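Residues per chain are reported as follows:
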Amino acid sequence: LLTIFLKGNKKRKRTEDGEKVSEEQSSSIIQEPPVKAKKAKKKERSEAEKKLSERENALEQADEEEDQKLFQNKAKQKKKASQAITKNVVNSATGAAAKQQKRKRVADETADRRTVFVGNLPVTCTVQVLKSLFKKYGQIQSIRFRSLIPAEDTVSKKVAAIKHRVHPNAKFVNAYVVFKEECDAQKALKENGTEIASGFHIRVDTASKSSSHDNKRSVFLGNLPYDIRDDAVREHFCVCGDVVGVRVVRDSRTGLGKGFGYVLFENTDAVHLALKLNNSVLMGRKIRVQRIADKRKAQKSPDQSRAPKDRVDKKKKKEKSCSNDSFVGEKATPLKKSTKPKRIKTVPRSKAGKNK
């Protein structure tokens, strides 16, 4: 009985243990699915959060790029506007400067037309002397002396003119007389050639560049003495005809001549006579007298003179190449090859049989 009872208890325990195990297994089976669902939900949430964060980052980057583009466009627009402003300022400044230069040129030209150059004046000449000489032609605006040689290097020409501190070797000065009207300046040209003092025939001419010098009535002088005076040249050439003006080119600092000058006559006939004085002696020097060539003709003549020289040179070269003195080979004419066919040498029959 005990054995049966013990066996029964063991069976009961086994069944209870099996029930417990089955209950535990069932509970574990029941409890597992919710954990997996939570994990899946967490994964889904994490993926969605990642996507949202990525979208947010992409949107932020796009906003930043748009802001940068807008900033760059604004900077470019500002640069363009500043460049346009600077261009306008520069153009306006250049235009204003050009206008001022034009005004100055016009003013200078009008002033030059009203100005008269007076050359070969004595050093003792004063403003009052010039006023008394030219006031009969019209109202004088101003008079200024030029080509003054100061007594000392430290003294300027302006101070020397005001204080009359002129170099003792200086013998003449020049001056500009400005009239208020242009017609008065044209009238004052009548004083050209008048003797204002003993040995001083003044030269009066307009200061404007438009005044053309007549080359046909002028001659060029070379090899002149450096200390020559204008009146000495006038006396030398007065035999040829009426002298309108004498101009000896001088150094502005020392007042000495540069060795050349010009003489303007009243008529062209005097020029022919003046050319005969070439190599004549003036103050111990043989002077050179030549015509003044027109610049336009001088520019054309070299081109015209080159062509015939070139032709002559070519002819000379050809003559030299054909001359017997020069050792130059000649091309030999090639021999023509004969078109006739060559004759074939035939051997007689008798000799052919012997050879066999």
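Above: the structure in question.
Sequence order as written defines residue numbering, which begins from 1 separately in each chain. Confidence filtering applies because this is a predicted model: local features only for residues at pLDDT of at least 70, side-chain atom pairs given and counted only at 80 or more, and all residues used for totals across whole chains, interfaces and linings. Side-chain calculation: all heavy atoms of the structure are included, whereas hydrogens and water are not.

Is there a simple way to explain the side chain of Arg234 in this structure?
In DSSP terms, a helix is any run of H or I states spanning at least four residues, a strand is any run of E spanning at least two, and both are numbered starting from the N terminus. Mapping Arg234 onto the fold places it in helix α5 (residues 230-237). A 1.4 Å probe rolled over the protein chains alone gives each residue an accessible area, and that area as a share of the maximum for its type sets the label: buried under 20%, exposed over 50%, partly exposed in between. His is not counted here, nor are the chain ends, while Lys and Arg score as positive and Asp and Glu score as negative. The rule for a salt bridge is simple: a side-chain nitrogen of Lys or Arg has to be within 4 Å of a carboxyl oxygen of Asp or Glu. Despite being buried, Arg234 has no salt bridge partner; Asp231 is the closest side chain of opposite charge, sitting 4.2 Å away. Note on contacts: a residue pair is in contact if any heavy atoms of the two residues lie within 4.5 Å. If we skip the residues at most four places from it in the chain, Arg234 touches Gly193, His201, Val243, Val244, Gly245 and Val246.

Mind showing me how you'd approach helix α2 (residues 127-134) here?
Those residues of α2 that sit buried are Leu130, Leu133 and Phe134. Seen from one end, α2 has its buried residues packed into an arc of 80°, which puts them on one side. Those residues of α2 that are buried are in contact with β1 (115-122), β2 (140-146), β3 (172-179), α4 (182-188), β4 (195-197) and β6 (203-206). Working note: the arc is built from the helix axis to C-beta atom directions.

Help me understand the sheet that holds strand β7 (residues 218-222), please; the structure alone is not making it clear to me.
Sheet strands pair by backbone hydrogen bonding; their relative direction is either parallel or antiparallel. DSSP-based pairing: two strands are paired if at least 2 bridges between them are found. Taken together, the four strands give an open sheet; going across it, the order is β8-β9-β7-β12, and neighbouring strands pair in antiparallel fashion. The open sheet has two edge strands, β8 (243-250) and β12 (288-291), and neither has a second partner. The mean angle between the axes of side-by-side strands here comes to 20°, regardless of whether they run parallel or antiparallel. Judged from the four bridges that link them, β7 and β12 form a sheet pairing that is antiparallel. Paired with Leu221 across the strands is Val289, a residue of β12. A fitted line through C-alpha atoms serves as each axis, taken over the contacting stretch for helices, and the angle formed by two N-to-C directions is quoted from 0 to 180°. Of the strands in this sheet, β7, β8, β9 (257-265) and β12 are in contact with α5, which crosses β8 at around 135°.

I keep staring at the pairing of β3 and nothing clicks. Help me out?
Sheet faces and side chains relate simply in a regular strand, where the side chains alternate between the two faces. The element β3 is extensively covered by neighbouring structure, given that seven of its eight residues are classed as buried. The sheet contact formed by β2 and β3 spans six bridges and is antiparallel. Counterpart to Ile140 in the pairing with β3 is Phe179.

I would appreciate a short explanation of the side chain of Asp184 in the present structure.
With respect to the helices, strands and loops of the structure, Asp184 is situated in helix α4. As a buried residue without a salt bridge, Asp184 has its nearest oppositely charged side chain in Lys187, at a separation of 4.2 Å. What Asp184 contacts, discounting residues up to four positions off in sequence, is Tyr137, Gly138, Gln139 and Phe179.

Just to check I follow, could you spell out the nonpolar core for this structure?
Side chains that are nonpolar tend, in soluble globular proteins, to be buried together. Nonpolar core, defined: a set of buried Ala, Val, Leu, Ile, Met, Phe, Trp, Tyr and Cys residues in which side-chain atoms within 4.5 Å join the residues together. Within the largest apolar cluster, 23 residues are counted, with the highest numbers of intra-cluster contacts made by Leu121, Leu130, Phe134, Phe145 and Phe179. When residues in this core are grouped by element, the largest group, four residues, is from β3. If we skip the residues at most four places from it in the chain, Phe134 touches Val118, Ile140, Val177, Phe179, Ala188, Glu191 and Val204. With 18 residues, the next largest nonpolar core counts Leu224, Phe265, Val271 and Leu282 among its residues.

Hey, could you run me through the environment of Glu109 in this one?
Along the polypeptide, Glu109 turns up in helix α1 (residues 2-113). With a relative accessible area of 45%, Glu109 lands in the partly exposed category. C-alpha separation for the pair Glu109 and Ser208, spaced 99 residues apart in sequence, amounts to 6.7 Å.

Looking at this structure, how should I read a negative patch on the surface?
The patches described consist of residues with a relative accessible area above 30% and no salt bridge, like charges being joined within 9 Å and nonpolar side chains (Val, Leu, Ile, Met, Phe, Trp, Tyr) within 5 Å. Surface accessibility follows the Shrake-Rupley procedure with a 1.4 Å probe radius. Residue values consider only the protein chains on display as shielding. Charge placement uses NZ in Lys and CZ in Arg. For Asp and Glu, CG and CD serve respectively. Together, Glu56, Glu60, Asp63, Glu64, Glu65, Glu66 and Asp67 make up a region of like negative charge exposed at the surface. You can see Glu64 is positioned in helix α1.

Explanation requested: the sheet that holds β1 in the structure shown.
The strand order across the open sheet formed by four strands is β2-β3-β1-β6, and the pairing between neighbours is antiparallel. What marks the edges here is a single partner per strand, and that holds for β2 and β6. In this sheet, neighbouring strand axes are inclined to one another by 20° on average, regardless of whether the strands run parallel or antiparallel. Here β1 runs beside β3; their pairing, made up of six bridges, is antiparallel. Bridge pairing in β3 links Val116 to Val177. Sitting on the sheet, α2 is in contact with β1, β2, β3 and β6, with an inclination near 135° to β2.

How should unusual backbone geometry be read in this particular structure?
Excluding glycine, a negative phi dihedral is what most residues carry, and trans is how most peptide bonds are arranged. Here Ser147, not a glycine, exhibits a phi torsion of approximately 60°, which is positive. Summarising the element assignment, Ser147 is placed in the loop between β2 and α3 (157-163). Of note in this structure, Met283 is not a glycine but carries a positive phi near 55°. Within the secondary structure layout, Met283 lies in the loop between β10 (281-282) and β11 (285-286).

I would appreciate a short explanation of a positive patch on the surface in the present structure.
A cluster of basic residues, Lys99, Lys102, Arg103 and Arg105, forms a positive patch on the protein surface. With respect to the helices, strands and loops of the structure, Lys102 is situated in helix α1. In this structure Lys102 comes out as exposed when scored by relative accessible area, which is 57%.

I keep staring at α5 and nothing clicks. Help me out?
Since the α-helix turns once every 3.6 residues, residues separated by three or four places project in the same direction. Burial analysis of α5 places six of its eight residues in the buried class, which makes it a mostly covered element. Buried residues of α5: Asp230, Asp231, Val233, Arg234, His236 and Phe237, and no others.

Please explain the pattern of salt bridges as it appears in this structure.
Working definition: two side chains of opposite charge can pair if their charged atoms are close together. This structure, assessed with the given rule, holds three salt bridges. A salt bridge links Arg217 to Asp214; the shortest N-O distance between them is 2.8 Å. Taking relative accessible area as the criterion, Asp214 reaches 29% and is therefore assigned partly exposed. Here Arg250 makes a salt bridge to Asp230, at a shortest N to O gap of 3.2 Å. Of this pair, Arg250 sits in strand β8 while Asp230 sits in helix α5, placing them 20 residues apart in sequence.

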